[in-house]
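# Structure assessment
The chain contents come next:
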Amino acid sequence: NLNLQEDKQHAVFADLLRQEGEEFVYETFDDTIARRKLAPEVEASLPWISDGRRLNAIFARFVRDYLSCFYAGDAEIVADDELRAYWDGVQNARSP
């Protein structure tokens, strides 16, 4: 009986992951906030937004600094076929 319950939980979780994968759309943090069309006073009151913006700035700085170790500028990044292929894979990995 315990195995049957675990199987049902696994199936529900698998369905949830499948559904999320189908609905996933890559967007920036600011795009996610804008899509919600929140009033400015509501946006200002939500910790996940203020915290998320700070975290997003940390990620952006890390990526910029990391890439600067290998690339002199944007032109080199855009010209790197392997990096473009990787990013295309990230953006399209969950496309149906």
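Note that the structure is predicted; figures quoted are calculated from it, not measured. (Residues numbered from 1 in each chain as written. Predicted model: local features only at pLDDT ≥ 70, side-chain atom pairs only at ≥ 80, totals over all residues. Heavy atoms only, no water.)

## Topic: the overall build of the protein
Helix and strand content of the protein: six helices and zero strands. Sequence-ordered secondary structure for the protein, helices as α and strands as β, is α-α-α-α-α-α. Against the compact-globule benchmark of 12 Å for 96 residues, the protein has a radius of gyration of 19 Å, which places it well outside the compact range. Its C-alpha atoms put the protein at 60 × 40 × 25 Å along the principal axes. The proportion of buried residues among the 96 residues of the protein is 7%. With an accessible surface of roughly 8300 Å², the protein has 58% of that area assigned to carbon and sulfur atoms. Averaging the locations of the 11 positively and 19 negatively charged side chains of the protein gives two centres separated by 6 Å. (Helix = DSSP H or I, 4+ residues; strand = E, 2+ residues; numbered from the N terminus. Rg over C-alpha atoms; globule rule 2.2 N^0.38 Å. Buried < 20%, exposed > 50% of the residue type's maximum accessible area, 1.4 Å probe, protein only. Areas by Shrake-Rupley, 256 points an atom, 1.4 Å probe, with all protein chains shown as cover. Lys, Arg positive; Asp, Glu negative; His and termini not counted. Charge placed at Lys NZ, Arg CZ, Asp CG, Glu CD.)

## Remarks on the environment of Gly-21
When you line up the elements, Gly-21 lands in helix H1 (residues 2–23). With relative accessibility at 17%, the residue Gly-21 sits in the buried group. C-alpha separation for the pair Gly-21 and Ala-85, spaced 64 residues apart in sequence, amounts to 20 Å.

## As for the packing of aromatic side chains
Considering all chains together, one arrives at three aromatic pairs under this definition. Summarising the aromatic geometry, the rings of Phe-62 and Tyr-66 are spaced 5.9 Å apart at their centres and angled 25° between planes, so their arrangement reads as stacked. Placement of both Phe-62 and Tyr-66 in helix H4 (residues 47–68) is noted, with a separation of four residues, approximately one turn of the helix. Classification of Phe-62 as exposed rests on a relative accessible area of 54%. Relative to Phe-70, the ring of Tyr-66 has its centre 5.1 Å away and its plane inclined at 55°; by these criteria the two rings are tilted. Assessed through its relative accessible area of 53%, Phe-70 is described here as exposed. These aromatic residues form a ring-pair network of at least three members: Phe-62, Tyr-66 and Phe-70. (Phe/Tyr/Trp six-rings, centres within 6.5 Å; stacked < 30°, edge-to-face > 60°.)

## Here's the deal with a nonpolar patch on the surface
Residues Phe-24, Tyr-26, Tyr-86 and Trp-87 make up a contiguous nonpolar surface patch of about 440 Å² in total accessible area. Residue class for Tyr-26 comes out partly exposed when judged on its relative accessible area of 40%. (Patch = residues over 30% accessible without salt bridge, like charges linked within 9 Å, V, L, I, M, F, W, Y side chains within 5 Å. Salt bridge = Lys/Arg side-chain N within 4 Å of Asp/Glu carboxyl O.)

## Brief notes about the packing of helix H2 (residues 29–36) against H4
At a closest axis distance of 10 Å, the pairing of H2 and H4 adopts a crossing angle of 160°. Comparing the axis directions of H2 and H4 gives the class roughly antiparallel. The chirality of how H2 crosses H4 is left-handed. Contacts from Phe-29, Asp-30, Ile-33 and Arg-36 in H2 reach Trp-48, Ile-49, Gly-52, Arg-53 and Asn-56 in H4. Here the contact of H2 with H4 is built from residues that sort into four nonpolar, two polar and three charged. (Axes fitted to C-alpha atoms, helices over the stretch in contact; angles between N-to-C directions. Parallel < 35°, antiparallel > 145°, perpendicular 65-115°, else oblique. Left-handed = near helix turned anticlockwise from the far one by under 90°. Contact = heavy atoms within 4.5 Å. Nonpolar A, V, L, I, M, F, W, Y, C, P; charged D, E, K, R; others polar.)

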